[in-house]
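Listed below, chain by chain, are the residues.
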Amino acid sequence: MTGTKNSGNGILEQISSSGPLISDGATGTWLQSHGLEPGGCPEEMNATEPRLIKKMAAEYFEAGSDLVLTASFGGNRFMLKKYGHENRVREFNLLSAEHVKSQAPQQGFVVGSVGPTGEFLDPLGNVSELEMKDAFAEQITALSEGGADAILIETMYSIEESSLAIKAAKENTELTIMATMTFDKGPRGFFTMMGTTPRQAAEELVKSGADIVGANCGNGIETMLEIAKEMRGAASAPILIHSNAGIPDIRQGQIVYPETPKFMATYFKYMAGQGIDILGGCCGTTPSHIRALSEVIRSG
């Protein structure tokens, strides 16, 4: 296979010309099912298990993904410090992008995954805005150097942290910037852990400079459809939805995500009809889910 180019706004151009794009499925649960031990560091596998990381990317591209995320979700210095790897930020992120790029077809996109730092900003925590922004810049720069076509700042709860990551990406790259937040449903509707609604998220993420906004994780496909509608109504920017395969349950000692590829594909097709621009999976979704999604979207 031939790799992608560091292609700036290619994803936005594809959305404009071709309609909905298909993202990939889960990274963490895929790795767990292929040998990642409980409590292990997924990002380290870019160095220790490169063939496995490449296999995951290849499976998603072959299943129909237009874009595949790097195995770099916790690849910032704060998260990696928990494993004693705070000095390997550049190494892990550079490799993560190179591995996906090596498996990408000519029109496939490599998306650098950037998750939360796990820290709170001063005065709630001990990290300054400059320290957090620098940590994001360190990670994002390495992802770009490794060949990422876009950056996805994902699974965020704090608008402030999301905005710092977006600014770090804008100041250090010319890549497409995507940002998603995670919402829970309460008596008064959907909110992040820090109290942001889907509408507020869509508006504020765009204001901060994100090219594409949306939601990921925490919910099954039916609930994500509700969130998608709220965000679509609040922003003219493209919307990305990465849904879990339902809420996990423990069956015979195993964690099981209950939503089948066929079940999710039906809702994904409806989302596409509602103007959602990038569709894909989060925890519990597999290449089989992406294949089913691809089939219903591309069958018209």
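Parameters at a glance
Residues numbered from 1 in each chain as written. Predicted model: local features only at pLDDT ≥ 70, side-chain atom pairs only at ≥ 80, totals over all residues. Heavy atoms only, no water. Helix = DSSP H or I, 4+ residues; strand = E, 2+ residues; numbered from the N terminus. Rg over C-alpha atoms; globule rule 2.2 N^0.38 Å. Buried < 20%, exposed > 50% of the residue type's maximum accessible area, 1.4 Å probe, protein only. Contact = heavy atoms within 4.5 Å. Areas by Shrake-Rupley, 256 points an atom, 1.4 Å probe, with all protein chains shown as cover. Lys, Arg positive; Asp, Glu negative; His and termini not counted. Charge placed at Lys NZ, Arg CZ, Asp CG, Glu CD. pLDDT = per-residue confidence, 0-100. Pairing = 2+ DSSP bridges. Axes fitted to C-alpha atoms, helices over the stretch in contact; angles between N-to-C directions. Parallel < 35°, antiparallel > 145°, perpendicular 65-115°, else oblique. Left-handed = near helix turned anticlockwise from the far one by under 90°. Nonpolar A, V, L, I, M, F, W, Y, C, P; charged D, E, K, R; others polar.

### Considering the overall build of the protein chain
Secondary structure summary: the protein chain contains 12 helices and 12 strands in total. Compactness check: the protein chain gives a C-alpha radius of gyration of 17 Å against a globular reference of 19 Å for 300 residues, within 12% of the reference. The principal-axis extents of the C-alpha atoms in the protein chain amount to approximately 45 × 45 × 45 Å. In the protein chain, buried positions account for 55% of the 300 residues. Summarising the internal contacts of the protein chain: among those between residues at least 6 apart in sequence, 79% fall at separations of at least 24. As displayed, the protein chain has an accessible area near 12800 Å², and 49% of this comes from carbon and sulfur atoms. On the protein chain, the mean spot of the 24 positive side-chain charges and the mean spot of the 36 negative ones are 4 Å from each other.

### Section: the confidence of the model for the protein chain
Averaged over the protein chain, the pLDDT score is 95; the fraction of residues at 70 or greater is 97%. Note that residues 1-5 has pLDDT below 50 and, in this model, 21 contacts with residues that lie over four places away or in other chains.

### Some details on the sheet that holds strand β1 (residues 21-22)
As summarised here, the arrangement of the eight strands in space is β1-β12-β9-β8-β5-β4-β3-β2, forming an open sheet in which the pairing is parallel. Where the open sheet ends on each side, the last strands, each with one partner, are β1 and β2 (67-69). Running over the sheet, helix α7 (residues 129-145) touches β3 (109-114) and β4 (150-156) and is turned about 165 degrees from β3. Across the sheet, helix α11 (residues 261-273) is in contact with β9 (239-243) and β12 (278-281); its angle to β12 comes to roughly 160 degrees.

### So, the packing of helix α9 (residues 198-208) against helix α10 (residues 221-232)
Look at α9 against α10: their axes get within 8 Å of each other, and the N-to-C directions meet at 45 degrees. Relative to α10, the element α9 lies oblique. The hand of the α9/α10 crossing is right-handed. Along its contact with α9, which presents P198, R199, A201 and A202, the element α10 presents I227, E230 and M231. When the residues that make up the contact of α9 with α10 are grouped by side-chain class, the tally is five nonpolar, no polar and two charged.

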